[in-house]
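# Residue-level structure breakdown
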Amino acid sequence: MKNIYFTTLLFLLSNYILAQNNSELQQMYDDDQSARMVKNIDWTILSKKDKEREKRVFEMIEAGEITTGKDYYNSAMIFQHGNDTIASKMAVEHMKKAINLDSTINKWLLAAAIDRDLMRRDKPQIYGTQYVKNDKTEGKWKLYTIDSSKITDEERKYYNVETLEEQIENERKMNLLSLDELIKDKSFKQIIPIIKSEHTKGINSLYNVGEDEINNFGYQLISENKNNEALEIFKLNTQLYPQAWNTYDSYGELLLKLNHKKEAHKNYKKSLQLNPKNDNAIRVLKDIE
């Protein structure tokens, strides 16, 4: 009886171990993503690192160390940043396995992997996830050639991909000049009127004064210990984008930090009203109340 119990225990334990996400692969994924979050990327260095990560993933495959849906998702992302059809094919295969093992995984990467694989093979993409910027596009971002007849917008939405109309708008936004360029060498008193002016231009604006860009500027000011200036920027963002839940969340965060609890409460409530799934607002409001 003891031997049967011990064997069963070993079997269950081995299955438990196998079911754990690969921590080394997770770190590789994190490194892959963080390397793409910095300004002025040195693509020569990054390409070398990408190749090293790709080589290590192949070793993990050989050793049977990629087993969970999360593992396959992480490895698919690393293959997605390869530079040949071998890597792009692997990205597609691993994303399909990831989704088969875990249906909750973000399916966008499968659409992106399929599009990039098609692009690597000089074929039109079908979802519309790939943009290119080179001499042929005169240094501007352009949506890579797409066969729009293969996939419907409903299918795109299922894979968390923008509709065809949204992709056109996305291309326009990608070619906007940064907020840094707009406010360069300007005093803070000049900045808010300039942002407001550019915002009123709508699609005719040459600069990116979108919600996220303004929000990031606010956090940049906080990192420079310019909390009062950041407060004005966050407030401005709620005025320019009154239906964006995150603007109120960020504004409330700084108000609370500066001990303006009543105003913070008001903005977190507004954020939660716009996005009932805002867990951060739920948690903070519970603490305040």
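The rules behind these values
Residues numbered from 1 in each chain as written. Predicted model: local features only at pLDDT ≥ 70, side-chain atom pairs only at ≥ 80, totals over all residues. Heavy atoms only, no water. Axes fitted to C-alpha atoms, helices over the stretch in contact; angles between N-to-C directions. Helix = DSSP H or I, 4+ residues; strand = E, 2+ residues; numbered from the N terminus. Parallel < 35°, antiparallel > 145°, perpendicular 65-115°, else oblique. Left-handed = near helix turned anticlockwise from the far one by under 90°. Contact = heavy atoms within 4.5 Å. Buried < 20%, exposed > 50% of the residue type's maximum accessible area, 1.4 Å probe, protein only. Polar contact = N/O pair within 3.5 Å; in protein donor to acceptor, adjacent residues only side chain to side chain. Salt bridge = Lys/Arg side-chain N within 4 Å of Asp/Glu carboxyl O.

### Digging into the packing of helix α11 (residues 211–223) against helix α13 (residues 245–257)
- Orientation of α11 relative to α13, taken along the N-to-C sense of each, is 15°, at an axis distance of 10 Å. By the angle between their axes, α11 is roughly parallel relative to α13. Of the two elements, α11 crosses α13, and the hand of that crossing is left-handed. Contact residues: α11 offers E211, N215, Y219 and I222, while α13 offers N246, T247, S250, E253, L254 and K257.

### Quick word on unusual backbone geometry
- Not every positive phi belongs to a glycine, and D122 is a case in point at roughly 60°.
- Tracing the backbone through its elements, the reader meets D122 in the loop between α6 (108–120) and β1 (131–132).
- Located in the positive-phi region is N259, a residue other than glycine, with phi close to 70°.
- Among the secondary structure elements, N259 is positioned in the loop between α13 and α14 (261–274).
- N259 gets classed as exposed once you look at its relative accessible area, which sits at 55%.

### Things to note about the environment of I66
- With respect to the helices and strands, I66 occurs in the loop between α3 (43–62) and α4 (69–80).
- Exposure remark for I66: the relative accessible area of 7% places this residue in the buried category.
- Considered as a pair, I66 and K55 are 11 residues apart in the sequence and their alpha carbons are 14 Å apart.
- Contact partners of I66, with chain neighbours within four places excluded, come to L25, V57, M60, I61, D71, Y72, S75 and H94.

### Observations concerning the side chain of S88
- Assignment of secondary structure puts S88 in helix α5 (residues 85–101).
- Of note is the side chain of S88, whose polar atom sits 3.1 Å from the backbone oxygen of T85.
- If we skip the residues at most four places from it in the chain, S88 touches F79, A113, D117 and R120.

### Overview of the pattern of salt bridges
- By the definition in use, this model includes 15 salt bridges.
- The closest approach of N and O atoms between E59 and R56, which form a salt bridge, is 3.1 Å. In this pair, E59 and R56 are both assigned in helix α3, three residues apart and thus about one turn of the helix distant.
- Across the pair R56 and E65 runs a salt bridge whose closest N-O atoms are separated by 3.8 Å.
- For R56, a relative accessible area of 24% corresponds to the partly exposed category.
- With relative accessibility at 33%, the residue E65 sits in the partly exposed group.

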